Amino acid sequence: MNNTRKLNKTLLALAIGAVTHSAWAAVDPKEETIVVQAAPTGEFKPGGDQLVPAFLDGQVANGGRLGMLGQQNAMDVPFNIISYTSKLVEDQQARTIGDVVSNDAGVQPLQGYGNYAESFRIRGLKFDGDDMTFGGLSGVLPRQVVDAQMVDRIEIFKGANALMNGAASSGVGGMINLEPKHAGDIPQVKLGMDYTSDAQIGTTLDAGRRFGDSDQFGARVNLVHREGDSPVDNDRRRTTLASLGLDYKGDSFRTSVDMGYQKKTFHGGTTGLNISVVDFVPSLPKNDRSYSQKWAWSDIENEFGMWRSEYDINDSWTAYTGLGAQHAHEQGLYSAPRLLDADGTAKASRLDTNRIIDSVSGMAGIRGQFDTGFVSHSVNLGYSAQTKTDKTAWKMSALADNPIVNIYHPYAVNPPVSTDSGGKGGNYTDPRISGRTRLQGWLLSDTLSVLDDTLLFTVGARHQKVVIRGYDKITGQENAADGFDGSRWMPTYGVVYKPWKELSFYANHTEALQPGKTAPNTASNYGQSTGIVHSKQNEVGVKADFGRIGGSLSLFEIKMPTPTLDSVTQHYGLDAEQRNRGVELSVFGEPMLGLRLNGGATWLQAELTKTNGGVNQGNDAIGVPNFYAVLGAEYDIKPVEGLTAIARVNHSGSQYANLANTKKLDSYTTLDLGVRYRVALNNNQNQMTVRAGVENVTDENYWAGADDSGTYIYQGEPRTFKVSVGYEF
């Protein structure tokens, strides 16, 4: 396996070298060139892989991918979707997807359960970073943390989405899709260097060009290496990324291949504070000190790739296919303090993890248009499937062996001894298969249009099948009790009414599907699955696009069954329910020349509407603030050509960290400020951009959120300085 990895990396390096050399060769000093921002060209055709055109200056796009339904303009569909572009990534010096989605009031960035992963809540419901899709394909992207350098679009779909994306382990409240970078019409080479406090240094390369008599072939490469100390003591991080995108655009056939390698390394950073055995929320430690241990670490290595194609059978019908795969290897020694009292006394735990995941995902279908009388139809028939194999082994320390630490006065301790708990953790040096998952489904949808596209009805259904198998970590034999098979039909319907071109009223009913949970050993049905978790959403709203400014206002309700243990029968089943009701507002655009805005607000009531025996019924769900708002702005300082001031404010209301609503995290507000200066060089042949920013200018110290179980709470990042210099040839 190691030899295969080395060969894959060598081949990728050779391909990258060839593309980079060609991109450099495209820069002829004898020819006059102009520097422009690449943008989608030609008339946008919905339903395929062509990206929705960016709005105005190019940081936001009013639309995005609806899974197998392809790229869609938000004004024409009865769903809520918005996209953020690679230009925003550059201008805000965003490093990861979590940095980007912080611009959206409907998404709450979080940290993974006891690890360094990026997780999210969309409309108040958990969304794991591992469930993000890549070009509409699930299970392809690198695990836990994805670097933003390699993607062209970060697209956020808000709401249940099983029709478009099938079943996922999370994603009831929404989906995040990433689109790869491909070569634009103008050859480019961008070199960059960046600094992040306290001592992180990074270098980047983004190069691409098109080839052929009609520029039908394209190649684009992105390279990143960044490492150093974060603003938190003893927190050191390293990122290595290489991605390559190849594409072909013919008259009737289009295809692309995207592949990459990413490795993320974390040393000594905090993975949350365990407050499960105390009945209070502790005072905040200093935000620039790590209360974790230096011996804690995590390495996550990924190789991934995707192939997509479209073939126009005629002017009205197109066949499409996609296939992707990922190999991920996670190794780590995780440690999080388990708080014991208000003085900060805690015990430092230890968990060793060796996990290997291989997944393959694919889709195929046909879409087309036809008329029946005065009604126009846009139909899509497709099939998608994903298989995932999980090899996991672990070792952990005994509670009695965990050393005493203090979160307010951190000091180093030796790591406790970890064991496989009598074989329960499996063979750590060579993990056996611990689980397999297969998801597959058929989709059929039809958008009916009348009155010159003034009124559009969307109806669709998906038949989804979920197959889960569990295996003994020692023998590798299948455990019948851990298996589950289930299938279900899920309808979706919606309507769009456009009285004017600039305004769309819409409504929808959508649903979500998740594999069920396994009953714990305290249940009478221990080891059995709860069955499929079937959630439902209803939504109404209005969208606007006035050319210079756009936005949306929506009202929604999501009902999600949740598992609970019956206090009388001890049966573990889907007998509880959480209901999220909310109002979302978003605004983006340039209301006056030189002033650009991007902001929004979400008012949310996440209530436990059904509970076991009525305990905690009517309380708020864990980790969901009732109010969340974002306001970002850019202003071009006219006396100095190319100089732009940047600001963003994020505000979160208070949130609870337990179901009884007795542990409460206070509200917080953060302020980010920055400046950007672009200057043309070499008689306008090249361009240099200098960016400088300060995140959390006031050094606000706050608890940012809690995981769904209330076990861990997470501290916000301290004041952080970022500087970067980019040179475009």
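Just so it is clear, the model here is predicted, and its values are computed rather than measured.

Asks: Just checking my understanding: could you explain the pattern of salt bridges for this structure?
Replies: Two side chains with opposite charge may pair up if their charged atoms get near one another. The full count for this structure, using the stated rule, is 44 salt bridges. K181 serves as the salt-bridge partner of D206, at 3.1 Å between the closest nitrogen and oxygen. In this pair, D206 sits in strand β14 (residues 199–211) while K181 sits in the loop between β12 (174–180) and β13 (188–196), placing the two residues 25 residues apart along the sequence. Judged by relative accessible area, D206 falls into the buried class, the value being 3%. R210 is paired through a salt bridge with D247; the nearest N and O atoms lie 2.7 Å apart. You can see R210 sitting in strand β14 and its partner D247 sitting in strand β16 (residues 236–249), a full 37 residues away along the chain. Within this structure, K87, E90, D91, K190, R548, E590, R596, E634, D636, R676, R678 and R691 form a network of salt bridges that share partners.

Asks: Mind showing me how you'd approach a nonpolar patch on the surface here?
Replies: A contiguous nonpolar surface patch, about 660 Å² in accessible area, is contributed by F253, Y311, I313, I366, L381, W442 and L444. Along the chain, I366 turns up in strand β23 (residues 351–372).

Asks: Mind showing me how you'd approach the sheet that holds strand β6 (residues 107–111) here?
Replies: Backbone hydrogen bonds are what pair the strands of a sheet, in a parallel or an antiparallel way. Overall, antiparallel pairing links the three strands, which are arranged β6-β7-β8 in an open sheet. Strands with a single pairing partner mark the edges of an open sheet, and in this sheet they are β6 and β8 (125–128). Sheet twist, expressed as the average angle between the axes of neighbouring strands with direction ignored, equals 30°. With four bridges connecting them, strand β7 (residues 118–122) and β8 associate as antiparallel partners. Residue pairing in the sheet places S119 in a bridge with D128 of β8.

Asks: How should the side chain of S552 be read in this particular structure?
Replies: Looking at the secondary structure, you find S552 in strand β32 (residues 549–565). Residues in contact with S552, not counting those within four places in the same chain, are N80, V542, K543, E584, L585 and S586.

Asks: Can you walk me through the pairing of β6 in this structure?
Replies: Looking along a regular strand, one sees the side chains alternate between the two faces of the sheet. Two elements, β6 and β7, share five bridges in a ladder whose sense is antiparallel. Each residue of the ladder has a partner; that of P109, found in β7, is F120. Between β6 and β7, which pair antiparallel and follow one another directly, the connecting turn spans six residues, one of which, G114, has a positive phi of 70°.

Asks: Would you mind going over the pairing of strand β24 (residues 375–397) with me for this structure?
Replies: Of the strand pairs in this sheet, β23 and β24 are connected by 22 bridges, and their pairing is antiparallel. Opposite S359, over in β24, you have K388 as the bridge partner. Once β23 ends, the chain turns through two residues before running back antiparallel as β24, passing G373 with a positive phi of about 65°. Inspection of the sheet shows β24 paired to strand β26 (residues 418–419) by two bridges, in the antiparallel sense. Bridging across to β26, M396 finds its partner in T419.

Asks: Would you explain the environment of N103 in this entry?
Replies: Relative to the assigned elements, N103 resides in the loop between α3 (97–101) and β6. Given a relative accessible area of 4%, N103 falls into the buried group. For the pair formed by N103 and L631, sequence separation is 528 residues and the distance between their alpha carbons is 7.8 Å. If we ignore the near neighbours within four places in the chain, the residues touching N103 are Y84, L88, Q92, N598, V630 and R648. There is a polar contact of 2.7 Å between the side chain of N103 and the backbone oxygen of V100.

Asks: Explain the nonpolar core to me, please; I cannot follow it from the model alone.
Replies: It is characteristic of soluble globular proteins that their nonpolar side chains tend to be buried jointly. By size, the foremost hydrophobic cluster in this structure holds 46 residues, and its most contacted members are I97, I154, I176 and L178. For this core, the elements supplying multiple residues, two or more each, are β5 (80–85), α2 (86–91), α3, β7, β11 (151–158), α4 (162–165), β12 and β19 (297–312). Considering every element that reaches this core, the biggest residue donor is β11, with four residues. For L178, the contacting residues outside a window of four places in its chain are I97, M132, T133, F134, G135, L141, V146, V151, R153 and I154.

Asks: Which parts of the structure should I look at to understand the sheet that holds β5?
Replies: Reading across from one edge, β1-β2-β5-β11-β12-β9-β10 is the order of the seven strands in this open sheet, with mixed pairing throughout. The two strands at the open ends of the sheet, each matched to only one other strand, are β1 (54–55) and β10 (137–138). As paired elements, β1 and strand β2 (residues 60–61) share two bridges and run antiparallel to each other. Within the sheet, the bridge partner assigned to F55 lies in β2 and is V60.

Asks: Is there a simple way to explain the side chain of N80 in this structure?
Replies: Of note, N80 is situated in strand β5. Using a relative accessible area of 5% as the deciding quantity, one classes N80 as buried. Those residues within four positions of N80 in sequence are excluded, and the remaining contacts are R123, I156, F157, K158, Y506, E539, S552, S554 and E584.

The rules behind the values
Residues numbered from 1 in each chain as written. Predicted model: local features only at pLDDT ≥ 70, side-chain atom pairs only at ≥ 80, totals over all residues. Heavy atoms only, no water. Salt bridge = Lys/Arg side-chain N within 4 Å of Asp/Glu carboxyl O. Helix = DSSP H or I, 4+ residues; strand = E, 2+ residues; numbered from the N terminus. Buried < 20%, exposed > 50% of the residue type's maximum accessible area, 1.4 Å probe, protein only. Patch = residues over 30% accessible without salt bridge, like charges linked within 9 Å, V, L, I, M, F, W, Y side chains within 5 Å. Areas by Shrake-Rupley, 256 points an atom, 1.4 Å probe, with all protein chains shown as cover. Pairing = 2+ DSSP bridges. Axes fitted to C-alpha atoms, helices over the stretch in contact; angles between N-to-C directions. Contact = heavy atoms within 4.5 Å. Polar contact = N/O pair within 3.5 Å; in protein donor to acceptor, adjacent residues only side chain to side chain. Core = buried A, V, L, I, M, F, W, Y, C linked by side-chain atoms within 4.5 Å.

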